[in-house]
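Working through the structure, step by step
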Amino acid sequence: MEFETKDIRNVALAGHSQTGKTTLLEQLLHAGGVLAKAAAVESGKTVSSSSPEESLRRISIYASLAHLERKGCLLNLWDTPGASDFTGEVISAFRSSESALLLVDSRTGAQVETVKLWRDLDRRSKPRMVFLNRVDDARSNVMAAVQDLHDKFNVEICQVTIPMGSGPAFRGVIDVLHGKAYFKGASGLEGAGTEVPPEYAEACRSARNVLMGSAAEGDDDLLVKFIDEGELTDEEIMAGLKAAFAANKVVPCFCGDPLHGSGLLPLLDFIADVCPSPEDSLELALTADGTESAVKIASGGAFGALVVKTAGDQFSGKLSYLKLISGSLSADSSAFNLNGGKAEKIGKLYRTQGRKLEEIKTAHAGDICVVAKIGAATGDSLAADAAAL
């Protein structure tokens, strides 16, 4: 299936080591219908365990890309290492994503790598969300973690989901944006959204008021209306959040217990509905005149792409991950390497589900696809011909 630029969402999952990034991605793929059953990290068989070493050590060493479809959108999700030794892998994921999702342990708040990652996102002016993990643990304190993030980074944290209970009494989450409760399911999947229980109605109203204020930051007209009337419609909140988030004015916050399938569906819906598409965002690439310039991602025009990552596969050989900047790329075509000054033969074209390669015929601007056995290196710019990009 092909996806237009406006329907693509590229998100990098990042965080301090052992905050649950791989588990979250695995459970998102399960909730999104990609996996019939989510594998445990301890099994070494998760989608993003892309090498034997990762499976053996039970940690992420390489950035791994997976995808799912949600509400007509393609969600490209990077799972990145948490250890500082593998920062280069995180950078490649940040470089090719329009937004990031930082995982934070609700028991500890922001940790050392959280601070480093946050600063790197600041340097890139990249919007970010936060997911507070392990809400089911007895030591969890969601409000303390939210306050810690606010104090450390001096940013507005708006809670899109709030917990129903905490520790062993945790029952699920409330989607403040849509006014729905999602209870933990016995099967490991969240049930469909239901009415908010009466005992959480006041907490939901309070969080929604904060969310409306955050949405109003995205649009002057909404801000005036919110000040005058103190209320915004669901559609206005959604539109305001999209603008405020894309402008990096607010940090949406989610919570849950991914290991047991809780807090996932509101997050997937938010990524599809609110996170920015690659359309009109800027990428640094080598242009035809030999200089590196900011190029606007656009669906029209001739093909152009940036090699954001290079990896090896025992069956397919060298794999090059391409972030398409303009136009489209089809299998069995050719491209010109502006850095190497030579033509590259494009054979089969793939999307990746971790280590698994899935053949596709065409990819469009903003998408991240994979080609095998080309000579380009990480950071090289590809174009339709020597004068195209």
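Heads up: the structure comes first, above all this text.
Below: a short report on this structure. Values in this document were obtained by computation on a predicted structure and should not be read as measured data. (Residues numbered from 1 in each chain as written. Predicted model: local features only at pLDDT ≥ 70, side-chain atom pairs only at ≥ 80, totals over all residues. Heavy atoms only, no water.)

1. Some details on the overall build of the protein
The helix and strand tally for the protein stands at nine helices and 22 strands. In terms of C-alpha radius of gyration, the protein reaches 21 Å, essentially the compact-globule figure of 21 Å for 389 residues. Along the three orthogonal principal directions, the C-alpha set of the protein runs to about 65 × 50 × 35 Å. Buried residues in the protein amount to 55% of all 389 residues. Partitioning the contacts of the protein with sequence separation of at least 6, the portion at a separation of at least 24 is 65%. Of the roughly 15,900 Å² of accessible surface on the protein, 50% is carried by carbon and sulfur atoms. Taken as two groups, the 40 positive and 52 negative side-chain charges of the protein have centres that lie 6 Å from each other. (Helix = DSSP H or I, 4+ residues; strand = E, 2+ residues; numbered from the N terminus. Rg over C-alpha atoms; globule rule 2.2 N^0.38 Å. Buried < 20%, exposed > 50% of the residue type's maximum accessible area, 1.4 Å probe, protein only. Contact = heavy atoms within 4.5 Å. Areas by Shrake-Rupley, 256 points an atom, 1.4 Å probe, with all protein chains shown as cover. Lys, Arg positive; Asp, Glu negative; His and termini not counted. Charge placed at Lys NZ, Arg CZ, Asp CG, Glu CD.)

2. Side note on the pairing of strand β9 (residues 180-183)
Pairing of strand β8 (residues 172-175) with β9, which is carried by four bridges, proceeds in the antiparallel orientation. The partner of Asp175 across the bridge, within β9, is Lys180. Count of turn residues in the β8/β9 antiparallel hairpin: four residues, of which Gly179 carries a positive phi of about 65°. (Pairing = 2+ DSSP bridges.)

3. Thoughts on the environment of Leu382
Here Leu382 lies in strand β22 (residues 381-383). In the structure, Leu382 is positioned 82 residues away from Gly300 in sequence and 16 Å away in space, judged by C-alpha atoms.

4. With respect to the nonpolar core
Core analysis: the biggest nonpolar cluster contains 96 residues, and Leu24, Leu101, Met129, Leu132, Leu149 and Leu241 have the highest contact counts within it. In this view, Leu132 contacts Val104, Ser106, Val142, Ala145, Val146, Leu149, Cys253, Phe254, Cys255 and Gly256; residues no more than four positions away in its chain are not counted. One finds Ala305, Ile360, Cys369 and Leu382 within the second-largest nonpolar core, a separate group that totals 16 residues. (Core = buried A, V, L, I, M, F, W, Y, C linked by side-chain atoms within 4.5 Å.)

5. Notes on the packing of helix α6 (residues 201-216) against helix α8 (residues 234-246)
Angle between the axes and distance between the axes are the two parameters that describe a pair of packed helices. Look at α6 against α8: their axes get within 7 Å of each other, and the N-to-C directions meet at 55°. If you check the angle between α6 and α8, you find them oblique. Of the two elements, α6 crosses α8, and the hand of that crossing is left-handed. Of the residues in α8, those in contact with Arg208, Leu211, Met212, Ser214 and Ala215 of α6 are Asp234, Ile237, Gly240, Leu241 and Ala244. For the contact of α6 with α8, the per-class residue count stands at six nonpolar, two polar and two charged. (Axes fitted to C-alpha atoms, helices over the stretch in contact; angles between N-to-C directions. Parallel < 35°, antiparallel > 145°, perpendicular 65-115°, else oblique. Left-handed = near helix turned anticlockwise from the far one by under 90°. Nonpolar A, V, L, I, M, F, W, Y, C, P; charged D, E, K, R; others polar.)

6. Structural notes on helix α4 (residues 112-123)
Its 12 residues give α4 an end-to-end C-alpha distance of 17 Å, which sits within 8% of 16 Å, the value for a rise of 1.5 Å per residue. Residues Glu113, Thr114, Val115, Leu117, Trp118, Asp120 and Leu121 constitute the buried set of α4. Trailing α4 by a residue or two, Ser125 shows a phi angle of about 55°, which is positive. (Expected span 1.5 Å × (residues − 1).)

7. Observations concerning the side chain of Ser60
Structurally, Ser60 is set in the loop between α2 (52-57) and β2 (64-70). Exposure remark for Ser60: the relative accessible area of 15% places this residue in the buried category. Reaching out from Ser60, the side chain makes a polar contact with the side chain of Thr22 at a distance of 3.1 Å. (Polar contact = N/O pair within 3.5 Å; in protein donor to acceptor, adjacent residues only side chain to side chain.)

8. Looking at the environment of Val90
Within the secondary structure, Val90 is located in helix α3 (residues 87-95). For the pair Val90 and Ala14, spaced 76 residues apart in sequence, the C-alpha to C-alpha distance is 7.3 Å. Excluding residues within four positions of it along the chain, Val90 makes contact with Ala14, Thr80, Pro81 and Leu117.

9. Concerning the packing of aromatic side chains
Each aromatic ring pair is described using two quantities: the centre-to-centre distance and the angle formed by the ring planes. Overall, the coordinates contain four aromatic pairs when judged by the stated rule. Ring centres of Trp78 and Tyr321 lie 5.9 Å apart, and the angle between their planes is 40°; on these two criteria the pair is classed as tilted. Here Tyr321 lies in strand β14 (residues 317-326) and Trp78 lies in strand β3 (residues 73-79), a separation of 243 residues in the sequence. When the centroid spacing of 4.0 Å and the interplanar angle of 0° are considered together, the rings of Trp118 and Phe153 count as stacked. Of this pair, Trp118 sits in helix α4 while Phe153 is found in helix α5 (residues 142-153), placing the two residues 35 residues apart along the sequence. Each member of the pair Trp118 and Phe153 is classed as buried. (Phe/Tyr/Trp six-rings, centres within 6.5 Å; stacked < 30°, edge-to-face > 60°.)

10. As for the sheet that holds strand β7 (residues 161-164)
Spatial strand order, β7-β8-β9: three strands in an open sheet with antiparallel pairing. The open sheet terminates on both sides in strands that have one partner only, identified here as β7 and β9. Here the strands of the sheet are splayed against their neighbours by 25° on average, with no regard to which way each runs. Note: β7 against β8, four bridges, orientation antiparallel. Bridge pairing in β8 places Met164 opposite Gly172. Along the sheet, helix α9 (residues 265-273) makes contact with β7, β8 and β9, crossing β9 at roughly 130°.

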